[in-house]
Amino acid sequence: MSDPARLVGGVAGVAAGELIAAVTRSVGPTDAVSRLVADRLPLAAVEAAVFRLHRRDKTALRLTSAASLASLGAGAAGSRRSPGTRLRRAALTVAVTAVALRRPPRRPGATVLVAVTQTVVAAAATGVARRRPIAASATTAAAAAAAVAAHRRRRRAEAAASSTGPPPLAAVPPTDGAETWDHPTPLVTPLDQFHVTDVNFGAPAVRRDTWRLVITGEVAHPKQLDLATLLALGTVDVDAALVCIHNRVGWERAANARWQGVPLASLRDLVGAKPTATHVVTRSVDGFTISLPVAELEASGLDAYIAVGMNGQPLTTAHGFPARFLVPGLYGQFAGVKWLTGLDFTDRHVPGDWERRGWPPGAVTARTHSRIDGARQVGATMIVSGVAWAPPDGVAAVELSVDGSPWVTAELADSLGPLAWRRWRYRPVLAPGTHRIRTRAVRGDGQVQDGEPRPPFPSGVTGYHEVVVTVADG
């Protein structure tokens with residue numbers, strides 16, 4: 001951009017919009033535009049971005065969106081053309097921001113305020129920057145810092161609100177006998193390390209006191225339940241791994257938790273679900289929907305829950321506070337929405353958002369997989385350890401091969417259940433030098449993990465995880 005004043009104005013406009021969004025507790029324009037772009041990108045582009053950028057995919061899109069908004073604002077504010085041209089560019093800036101911000105939960109007043117403020121401030125800051133460039137740049141930097149700080153305070157407040165609910169739901173942490181192993185993978189993943197993968201750029205804020213779960217459709221008694229009424233139905237503990245369908249071989253987009261949730265069967269009984277209620281459409285407060293064939297899942301032995309806690313604590317905002325729909329054993333993308341607000345029982349499949357993005361309909365069970373998480377030399381021994389999962393039958397064995405040698409069986413920790421991951425270790429004595437170690441899992445029904453490398457789309461990645469280790473002399 002040839003005019004530095006326009007750049008300052010554009011950045012100032014974005015900062016002002018973000019600051020207003022933080023104060024009004026609405027979605028920021030940068031995150032809203034990022035979500036809009038992600039919704040419109042071709043599936044192949046999304047998959048390529050996730051693969052190449054991994055954890056940095058959302059950060060890259062946020063930076064791109066912020067730069068685009070700043071450029072739009074600068075173009076409207078800094079045009080030296082006719083007033084009509086400037087007005088059209090300003091209207092375009094407002095329209096793009098407003099369209100991006102219109103997703104549920106809708107807040108029309110905040111949307112208009114954010115969009116207009118962003119455009120007006122960009123114009124004003126550009127004019128000031130032409131007269132007093134140093135002062136305008138300093139003020140813009142301060143506004144950007146204030147917006148970042150305000151969003152951080154908001155996220156901390158939301159996290160605190162989601163952790164001040166009912167007392168811990170599971171007082172006794174699970175054990176599997178591997179607690180004395182040398183540096184094992186945690187049996188349950190700490191919440192601050194549990195992967196967060198969704199289409200949102202910033203979790204929607206949900207108030208505990210106003211949240212309701214609306215149950216409609218093929219039911220005799222439609223209901224609206226507040227959180228206390230939902231919890232009064234009774235929760236159960238379920239040990240299960242949650243795997244993102246974008247998880248590549250050896251990636252960390254898989255984690256294990258002791259979930260607390262209300263069985264969907266309890267809700268079906270409460271509302272009098274009809275025999276025709278074979279599917280359920282799960283709806284999020286942000287408007288996202290996922291449709292599930294609950295009758296088919298129950299027949300296959302997979303149960304559904306309204307999850308309200310993880311590892312003995314209420315759900316965090318990032319993980320779907322105050323409730324999320326969960327079918328343990330399915331890939332997270334197919335297991336139901338976070339920030340659940342509606343259940344619509346239907347007599348047929350209703351396409352959800354993932355299908356409209358190009359993913360196959362129905363539900364996809366997480367593929368059997370073994371992952372190597374550590375390899376440490378202790379004396380003459382190489383201690384290799386990791387985890388494996390194999391829903392719905394559970395992990396019966398984990399096998400390893402060194403430098404292409406025949407597969408040997410690893411030592412397994414006790415099983416928490418067929419839907420949870422299982423810790424394992426292998427302690428070979430290897431000659432000094434470099435070695436290639438690969439692993440695979442065997443399901444409870446005898447099926448061996450698929451070793452043919454395939455990408456995540458459309459039904460989950462396949463292939464063996466392998467690492468290269470170096471054994472030192474002595």
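Residues numbered from 1 in each chain as written. Predicted model: local features only at pLDDT ≥ 70, side-chain atom pairs only at ≥ 80, totals over all residues. Heavy atoms only, no water.

Draft legend 1. Quick peek at the overall build of the chain. Helix and strand counts for the chain stand at eleven helices and 18 strands. The 474 residues of the chain split such that 49% are buried. Pairs at least 24 apart in sequence give 74% of the contacts found in the chain among residues at least 6 apart. Carbon together with sulfur atoms contributes 57% to the accessible area of the chain, which is approximately 20900 Å² in total. (Helix = DSSP H or I, 4+ residues; strand = E, 2+ residues; numbered from the N terminus. Buried < 20%, exposed > 50% of the residue type's maximum accessible area, 1.4 Å probe, protein only. Contact = heavy atoms within 4.5 Å. Areas by Shrake-Rupley, 256 points an atom, 1.4 Å probe, with all protein chains shown as cover.)

Draft legend 2. Fine view of the side chain of Asn256. Note that Asn256 resides in strand S4 (residues 254-263). Given the relative accessible area of 0%, Asn256 is considered buried. Here Ala241 takes part through its backbone nitrogen, which lies 3.2 Å from a polar atom of the side chain of Asn256. Excluding residues that lie within four positions of it along the chain, Asn256 makes contacts with Leu187, Val188, Thr189, Phe194, Ala240, Ala241, Leu416, Ala420 and Trp421. (Polar contact = N/O pair within 3.5 Å; in protein donor to acceptor, adjacent residues only side chain to side chain.)

Draft legend 3. View of unusual backbone geometry. For the bond from Pro391 to Pro392, the omega torsion is 0°, close enough to zero to count as cis. Tracing the backbone shows Pro392 in the loop between strand S12 (381-389) and strand S13 (395-402). Cis geometry is adopted by the peptide bond preceding Pro458, which originates at Phe457 and carries an omega value of 10°. Within the secondary structure layout, Pro458 lies in the loop between strand S17 (433-443) and strand S18 (465-471). For Asn311, which is not glycine, the phi dihedral falls at a positive 55°. With respect to the helices and strands, Asn311 occurs in the loop between strand S7 (305-310) and strand S8 (313-314). Residue Asn311 is classed as partly exposed on the basis of its relative accessible area of 22%. Even without being a glycine, Asp403 presents a positive backbone phi close to 55°.

Draft legend 4. A look at the side chain of Glu399. Looking at where Glu399 falls in the secondary structure, it is placed in strand S13. According to the relative accessible area criterion, Glu399 is buried, its value standing at 16%. At 2.7 Å, the side chain of Glu399 and the side chain of Arg440 are in polar contact. Not counting the four nearest positions on each side in its chain, Glu399 is found in contact with Trp407, Val408, Thr409, Arg438, Thr439, Arg440 and Val442.

Draft legend 5. Molecular detail of the packing of aromatic side chains. Taken as a whole, this structure holds five aromatic pairs when the rule is applied. Measuring from centroid to centroid gives 5.9 Å for Phe194 and Trp259, while their planes differ by 85°, and the two rings are edge-to-face. Here Phe194, found in the loop between helix H7 (133-162) and strand S1 (213-217), pairs with Trp259, found in strand S4; they are 65 residues apart in sequence, far enough to count as distant. Owing to a relative accessible area of 4%, Phe194 belongs among the buried residues under this scheme. (Phe/Tyr/Trp six-rings, centres within 6.5 Å; stacked < 30°, edge-to-face > 60°.)

Draft legend 6. Just the environment of Phe321, in detail. Tracing the backbone through its elements, the reader meets Phe321 in the loop between S8 and strand S9 (324-326). Judged by its relative accessible area of 4%, Phe321 is buried. With 17 residues separating them along the chain, Phe321 and Lys338 place their C-alpha atoms 7.6 Å apart.

Draft legend 7. Broad picture of the sheet that holds strand S16 (residues 422-426). Strand order in the open sheet made by the four strands is S11-S12-S16-S15, with antiparallel pairing throughout. The outermost strands of the open sheet, each flanked by one partner alone, are strand S11 (369-378) and strand S15 (411-412). As paired elements, S12 and S16 share five bridges and run antiparallel to each other. By the bridge assignment, Gly386 is partnered in S16 with Trp424. (Pairing = 2+ DSSP bridges.)

Draft legend 8. Layout of a nonpolar patch on the surface. Residues Val112, Val116 and Val120 make up a contiguous nonpolar surface patch of roughly 240 Å² in combined accessible area. Following the sequence through the fold, Val120 ends up in helix H6 (residues 108-131). (Patch = residues over 30% accessible without salt bridge, like charges linked within 9 Å, V, L, I, M, F, W, Y side chains within 5 Å. Salt bridge = Lys/Arg side-chain N within 4 Å of Asp/Glu carboxyl O.)

Draft legend 9. Quick look at the packing of helix H1 (residues 4-23) against helix H2 (residues 29-40). Between H1 and H2, the least distance of the axes is 8 Å, while the angle of their chain directions is 100°. Put simply, H1 runs roughly perpendicular to H2. In contact with Val14, Gly17, Glu18 and Ala21 of H1, H2 contributes Pro29, Thr30 and Asp31. Among the residues forming the contact of H1 with H2, the class breakdown is three nonpolar, two polar and two charged. (Axes fitted to C-alpha atoms, helices over the stretch in contact; angles between N-to-C directions. Parallel < 35°, antiparallel > 145°, perpendicular 65-115°, else oblique. Nonpolar A, V, L, I, M, F, W, Y, C, P; charged D, E, K, R; others polar.)

Draft legend 10. Seen up close, the pairing of S12. Burial runs high along S12: eight of the nine residues are buried. As defined by bridge partners, S11 adjoins S12 across nine bridges and the pair is classed as antiparallel. Bridge pairing links Ser370 to Ala388 in S12. Turn length for the S11-S12 hairpin, with the two strands adjacent in sequence and antiparallel, is two residues, and the turn residue Gly379 shows positive phi of about 65°.

Draft legend 11. Local environment of helix H3 (residues 43-53). Among all positions in H3, only Leu43, Glu47 and Val50 are buried. Down the axis of H3, the smallest arc covering the buried residues is 65°, so these residues share one side. Residues of H3 that are exposed and angled more than 90 degrees away from the buried face: Ala44 and Arg52. (Arc of directions from axis to C-beta.)

Don't take any of this as a statement about function, it's just geometry.
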